[in-house]
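Spelled out, the chains give:
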Amino acid sequence: GDYLHKRGFKFGIYSSAGVHCCQHTMPGSLGYEWIDAQDFASWGVDFLKYDGCFMEEFHETLQDAPRRFPFTPPPILRYPIMQQALNKTGRNISYLCNFPWKFWDLFKDPSAGGDWVGEFCNSWRTGGDAQPGFFSALSYVDGSEKYTTAVPSRPGRWNHLDSLEIGNNVSFDASIIGGPARPADNGEGGMTQDQERAVFSLYALVKSPLFIGADVLTLKGHSLETYLNKEVIAVNQDPLGARGRLVRPHGGADGGEVWAVDLSGGEGCIVLMNRQQDQTQDIAVTWEEVGLAEKKNTEMNVRDLWLHRDLGSFSDGFTAKAVRPTSAVVLRVSPKVDMTSRRSWASKI
């Protein structure tokens with residue numbers, strides 16, 4: 001822990017709520033939660049990802065599980081047990097649960113698990129393991145959107161879309177758990193600069209924790225530049241903690257895809273997204289559409305967070321011209337007058 005902390009990093013570690021970790025080469029923490037938590041704290045761990053592999057009874061029927069596994073707690077209770085063990089150490093350890101997305105998948109119900117998961121997890125995965133590639137990343141953003149009402153994010157409780165794959169051009173053999181890395185075979189071979197910026201912006205807007213899923217020692221060029229955009233990071237880290245929402249889906253009559261989020265101080269962020277792969281697109285948004293203004297002729301200051309440039313003041317709305325294919329324009333919008341008492345815009349859509 002000391003080595004990492006001296007270099008400005010946080011120290012993360014991995015375990016599982018089953019008898020093995022997912023690679024099947026290391027033991028899980030089942031039955032050893034209190035011992036493992038004390039070890040983690042003594043090593044200076046700041047973050048624990050607690051996976052859900054080899055929880056055999058999870059796949060049993062409710063009738064058979066107690067008979068076949070009478071001495072182990074059901075999976076739904078294993079995450080609170082580790083939470084209690086971590087709290088007992090007295091060290092602040094951020095706790096990511098690979099849960100309750102497995103319940104959502106099992107019961108085909110986004111309300112399964114519910115808001116109570118935030119009572120014992122600081123963050124929770126909303127899907128399986130991310131893979132490199134632009135459209136793979138977008139699928140995680142899209143997939144998390146349907147769970148925002150059932151399991152809402154707020155400060156200290158975050159929907160986690162898995163690590164960002166920006167700068168990571170390898171995949172893993174899904175047929176071999178923990179199998180060898182190989183070039184991504186999804187036909188994308190990594191992402192363009194535009195695509196990386198779009199993905200990073202959406203992850204920031206929906207307030208997913210921004211975890212780098214690539215080798216930090218080899219990051220360079222536009223991938224490194226993307227991760228270091230302080231203005232987009234500020235959207236993710238805004239103290240209000242509101243989660244962004246999809247305002248207008250791709251392919252609508254108005255053209256373009258629109259996401260928006262409330263920020264502190266009466267400000268907001270808007271992402272104008274072009275998912276088309278071969279055509280530029282003009283994307284217009286009105287302040288009324290995102291709930292930012294309740295009357296016409298409301299002027300707002302607009303700043304482009306990738307150009308790092310103030311674009312001026314605009315009345316009623318803004319149009320991004322010729323947005324390139326598979327790219328996004330990201331705007332920070334602030335009122336010209338004090339509007340902190342206005343209604344919450346993105347959250348009211």
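A brief look at the structure comes next. These numbers were taken from a predicted model, which means no experiment stands behind them.

## Things to note about the packing of helix α6 (residues 134-145) against helix α7 (residues 193-205)
Here is step 1: α7 packs onto α6 with a crossing angle of 15° between their chain directions and a minimal axis gap of 10 Å. Looking at the two axes, α6 sits roughly parallel to α7. Of the two elements, α6 crosses α7, and the hand of that crossing is left-handed. Between α6, through Phe134, Ala137, Leu138, Tyr140 and Val141, and α7, the contact on the second element is made entirely by Gln195, Ala198, Val199, Leu202 and Tyr203.
Here is step 2: Classifying every residue of the contact of α6 with α7 by side-chain character gives nine nonpolar, one polar and no charged.

## Considering the sheet that holds strand β12 (residues 299-304)
Here is step 1: In spatial order, the strands read β8-β9-β10-β15-β12-β13; together these six strands make up an open sheet with antiparallel pairing. The two strands at the open ends of the sheet, each matched to only one other strand, are β8 (245-248) and β13 (309-315). Averaged over neighbouring strand pairs, the angle between their axes works out to 30° when direction is ignored.
Here is step 2: Docked against the sheet, α6 engages β8, β9 (257-262) and β10 (268-274), running at close to 55° with respect to β9.

## Things to note about the environment of Leu4
Here is step 1: Relative to the elements of secondary structure, Leu4 occurs in helix α1 (residues 2-6).
Here is step 2: Relative accessible area serves as the criterion here: at 28%, Leu4 is assigned to the partly exposed category.
Here is step 3: In this view, Leu4 contacts Phe9, Lys10 and Phe11; residues no more than four positions away in its chain are not counted.

## As for the pattern of salt bridges
Here is step 1: Tallied over the full model, the rule gives 14 salt bridges.
Here is step 2: Among the salt bridges present, the one from Arg125 reaches Asp129, with a minimum N-O distance of 2.9 Å.
Here is step 3: With a shortest N-O distance of 3.5 Å, Arg125 and Asp162 are connected by a salt bridge. Note that Arg125 is positioned in strand β4 (residues 123-125) and Asp162 in the loop between β5 (158-160) and β6 (170-172), a separation of 37 residues in sequence. The residues Arg125 and Asp162 share a single accessibility class, namely buried.
Here is step 4: Salt bridges linked by common partners bring Arg125, Asp129 and Asp162 together as one network.

How each quantity is defined
- Numbers given for residues are sequential positions, taken from 1 along each chain in its written order.
- Owing to the predicted nature of the model, reporting of local features is limited to residues with pLDDT of at least 70; listing and counting of side-chain atom pairs is limited to 80 or more, with chain, interface and lining totals taken over all residues.
- Heavy atoms from the whole structure form the basis of all side-chain values; hydrogens and water molecules are not counted.
- To obtain each axis, a line is fitted to C-alpha atoms, and for helices this fit is confined to the stretch in contact; angles are then taken between N-to-C directions over 0 to 180 degrees.
- Under the scheme used here, helices are H or I runs from DSSP no shorter than 4 residues and strands are E runs no shorter than 2 residues, and both carry numbers assigned from the N terminus.
- Put simply, angles under 35 degrees are roughly parallel, angles over 145 are roughly antiparallel, angles from 65 to 115 are roughly perpendicular, and the rest are oblique.
- Each crossing gets its hand from how the near helix is turned against the far one by less than a right angle, where anticlockwise is left-handed and clockwise is right-handed.
- Residues are treated as being in contact if the distance between any of their heavy atoms lies within 4.5 Å.
- Residue polarity follows a fixed list, in which Ala, Val, Leu, Ile, Met, Phe, Trp, Tyr, Cys and Pro are nonpolar, Asp, Glu, Lys and Arg are charged, and the others, Gly among them, are polar.
- Here a strand pair is declared whenever DSSP counts at least two bridges between the two strands.
- The buried label goes to any residue with under 20% of its type's maximum accessible area, the exposed label to any with over 50%, and the partly exposed label to all in between, with areas taken from a 1.4 Å probe on protein chains only.
- By salt bridge we mean one thing: a side-chain nitrogen of Lys or Arg within 4 Å of a carboxyl oxygen of Asp or Glu.

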